[in-house]
Amino acid sequence: VPRSRMIGAGAYLPARVMTNDDLARQIETSDDWIRERTGIRQRHIAAEGETTADMAAAAARQALEQAGRKGEDVDLIIVATATPNHTFPATAVRVQAMLGATGPRAFAFDVHAVCSGFVYALAMADRFLVSGQARTALVIGAETFSRILNWEDRGTCVLFGDGAGAMLLEAGEGTGTPADRGVLTTHLHSDGRHHDLLYTDGGVSTTGTAGTVQMEGREVFRHAVVKLAEVAREALDSAGVAAGEVDWVVPHQANLRIIEGTTRKLGIPAERVVVTVDRHANTSAASIPLAFSEAVRDGRIQPGNLVLFEAMGGGFTWASALLRV
Ligand code: ACO
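None of these values were measured; they are calculated from a predicted model.

Enquirer: Where do I start with the pairing of strand β4 (residues 76-80) in this structure?
Expert: Residues in a regular strand point their side chains to alternate faces of the sheet. Most of β4 sits inside the fold, with five of its five residues counted as buried. Side chains of β4 alternate between two faces, with Leu-76, Ile-78 and Ala-80 and Ile-77 and Val-79 buried alike. The sheet contact formed by β4 and strand β5 (residues 107-111) spans five bridges and is parallel. Across the sheet, residue Ile-78 finds its bridge partner in β5, namely Phe-109. Between the parallel elements β4 and β5, the chain passes through helix α4 (residues 91-99) in a crossover that is right-handed.

Here it is as structure tokens:
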């Protein structure tokens, strides 16, 4: 059976680091408060003029280099982002031009599912690769959330950061069992009734501005642990593997307590969970590919490993994917 295989991973973080103490000099908060409730110690913030497309392209170049591929080898680029360069065209086509991925088969588009965006984009790329419509796909999560934060709202501005991560996939073959290398299963969900718990108070057709992030933190937290554990379990059951067979969980990095609560529910020990939220904070769609890339590049995630992704974000959207690297 056709399978889409991971052949490269890359990441980009802006140079500027903002610590909790830096924030405490601007607003009424403290390093202790932020660390105790979220596990976050610092976040990276894009420089003036540094855009989502710039970061996406940087992460993509690293993934291409790792796989020994060039931009022109890529048929499909999907960028998951809630903070695009422009209202249109898609950030993905900007990245396409930057990478020279403009061959006769090439196409590119953005996906918008906020923090679940990368898993949504991965699911789509997998379908295009498996159906033969694309041979090589770049799936990128990239965000400049710093531009849609109200820096006076301590309930939200301490939680987010900027960055990008990329995964390069190629069409391959497998036997149809969980032993295959490639994307084994993906699961997507949304429920628009929860709009008011996590959203921006602006938009092109409403206020004509981007708005800033608005959140009912406690309610989001309550939904997150339940939905994340459910959708992760759905992936395991669908692929016919036990939680004990998972080598690495790469969760969306929103909050250390959400990550721990979810993996505890699944019965997966903390040593098998990739955590970057302490250094990156919540980078929305970029958090999973950033964490994945870090663990691939430092050798924790090895060829043949079974890796579980799980994410939840505004909408609500929530999603999971299981792949063998
Ligand atoms: N520093 C100091 N005090 C703060 C801060 C801050 N940065 N932010 C809020 N407070 C205060 C509040 O004003 C409140 O004070 P009060 O009791 O005098 O009114 C007090 O701390 C408690 O506020 P809560 O919001 O109830 O605090 P809680 O323990 O719920 O923690 C948090 C807040 C960290 C946001 C938590 O609810 C959370 O992590 N929720 C999940 C949200 C999340 O991760 N969203 C990301 C997007 S969704 C996703 O990616 C899954």
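Enquirer: Help me understand the site of the ligand in this model?
Expert: Near the ligand you find 23 residues, and of these Thr-29, Arg-154, Gly-217, Phe-221 and Ala-254 are the closest. Mapped by element, the contributors of at least two residues to the shell around the ligand are α2 (31-38), α6 (154-157), α7 (217-239) and β12 (306-313). In terms of residue count, the dominant contributor to the shell around the ligand is α7 (five residues). Grouping the amino acids of the shell around the ligand by side-chain chemistry returns 12 nonpolar, eight polar and three charged. No fewer than three residues from each of domain 1 (2-173) and domain 2 (182-324) sit in the shell around the ligand.

Enquirer: Would you explain the UniProt feature "active site" (unreviewed entry) in the protein in this entry?
Expert: The feature "active site" (unreviewed entry), as given by UniProt, occupies Cys-115, His-252 and Asn-282 in the numbering adopted here. Spatial clustering of the annotated residues is evident: they stretch over 168 residues in sequence, but the largest pairwise C-alpha distance comes to 8.6 Å. Structurally, Cys-115 is set in the loop between β5 and α5 (117-131). According to the C-beta neighbour criterion, Cys-115 is buried, with 32 such atoms within 10 Å.

Enquirer: Looking at this model, I keep getting lost on the UniProt feature "domain: Beta-ketoacyl-[acyl-carrier-protein] synthase III N-terminal" (unreviewed entry) in the protein. Mind explaining?
Expert: UniProt records the feature "domain: Beta-ketoacyl-[acyl-carrier-protein] synthase III N-terminal" (unreviewed entry) at residues 109-192, using the numbering of this structure. Spanning residues 109-192, this segment combines 23% helix with 39% strand, and its end C-alpha atoms are found 23 Å apart.

Enquirer: It is not clear to me how unusual backbone geometry should be interpreted in this structure. Could you clarify?
Expert: Most peptide bonds are trans, and most residues other than glycine sit at a negative phi. Of note, the amide linkage connecting Phe-88 to Pro-89 takes the cis form, showing an omega dihedral of 0 degrees. Its place among the elements puts Pro-89 in the loop between β4 and α4. The step from Gly-315 to Phe-316 runs through a cis peptide bond, and the omega angle for that step is -10 degrees. Summarising the element assignment, Phe-316 is placed in the loop between β12 and β13 (317-324). In the Ramachandran plot, Val-114 falls in the positive-phi region, its phi being about 50 degrees despite a non-glycine side chain. Take Val-114: it is sitting in the loop between β5 and α5.

Enquirer: I would appreciate a short explanation of the nonpolar core in the present structure.
Expert: Side chains of a nonpolar character, in soluble globular proteins, are inclined to be buried together. Within the largest apolar cluster, 105 residues are counted, with the highest numbers of intra-cluster contacts made by Ala-59, Val-139 and Ile-140. The element that contributes the greatest number of residues to this core is helix α3 (residues 52-67), accounting for nine residues. Viewed by domain, this core spans two of them, domain 1 (2-173) and domain 2 (182-324), each represented by three or more residues.

Enquirer: Can you walk me through α3 in this structure?
Expert: For the α-helix, the turn length of 3.6 residues means that residues three or four positions removed from each other point alike. Look at α3: 23 Å from first C-alpha to last across 16 residues, which is about the 22 Å you get at 1.5 Å a residue. Most of α3 sits out of view: 12 of its 16 residues are buried. Where α3 is buried, its residues touch β1 (2-12), β4, α4, β6 (136-144) and β7 (162-173). Remark: Gly-68 follows α3 within two positions and exhibits a positive phi of approximately 70 degrees.

Enquirer: What am I meant to see in the domain arrangement of the protein here?
Expert: Size of an interface, as often reported, equals the accessible area lost when the parts are brought together. Segmenting the protein into domains produces domain 1 (2-173) and domain 2 (182-324). Placing a centre on the C-alpha atoms of domain 1 and another on those of domain 2 gives a separation of 14 Å. Taken together, the contact between domain 1 and domain 2 spans 50 residues of the former and 46 residues of the latter. When its residues are assigned to classes, the side of domain 1 that touches domain 2 shows 25 nonpolar, 18 polar and seven charged.

Enquirer: Would you mind going over the sheet that holds β13 with me for this structure?
Expert: Strand pairs in the sheet, formed through backbone hydrogen bonds, run parallel or antiparallel to each other. Pairing is mixed in the open sheet, where four strands are placed in the order β8-β13-β12-β11. Every interior strand has two partners, whereas the edge strands, β8 (182-190) and β11 (248-251), have only one. Across the sheet, the mean angle from the axis of one strand to that of its neighbour is 10 degrees, orientation sign disregarded. Contacting β8, β12 and β13, α7 crosses the sheet at an angle of about 35 degrees to β13.

What counts, and where the lines are drawn
- Residues numbered from 1 in each chain as written.
- Predicted model: local features only at pLDDT ≥ 70, side-chain atom pairs only at ≥ 80, totals over all residues.
- Buried ≥ 20, exposed ≤ 12 C-beta atoms within 10 Å, placed from the backbone.
- Helix = DSSP H or I, 4+ residues; strand = E, 2+ residues; numbered from the N terminus.
- Pairing = 2+ DSSP bridges.
- Right-handed = clockwise from strand over helix to strand, strands pointing away.
- Near = placed C-beta within 6 Å.
- Nonpolar A, V, L, I, M, F, W, Y, C, P; charged D, E, K, R; others polar.
- Domains from an automatic or database assignment.
- UniProt positions renumbered as here; feature names shortened; annotations may be inferred.
- Core = buried A, V, L, I, M, F, W, Y, C linked by C-beta atoms within 7 Å.
- Expected span 1.5 Å × (residues − 1).
- Contact = placed C-beta atoms within 7 Å.
- Axes fitted to C-alpha atoms, helices over the stretch in contact; angles between N-to-C directions.

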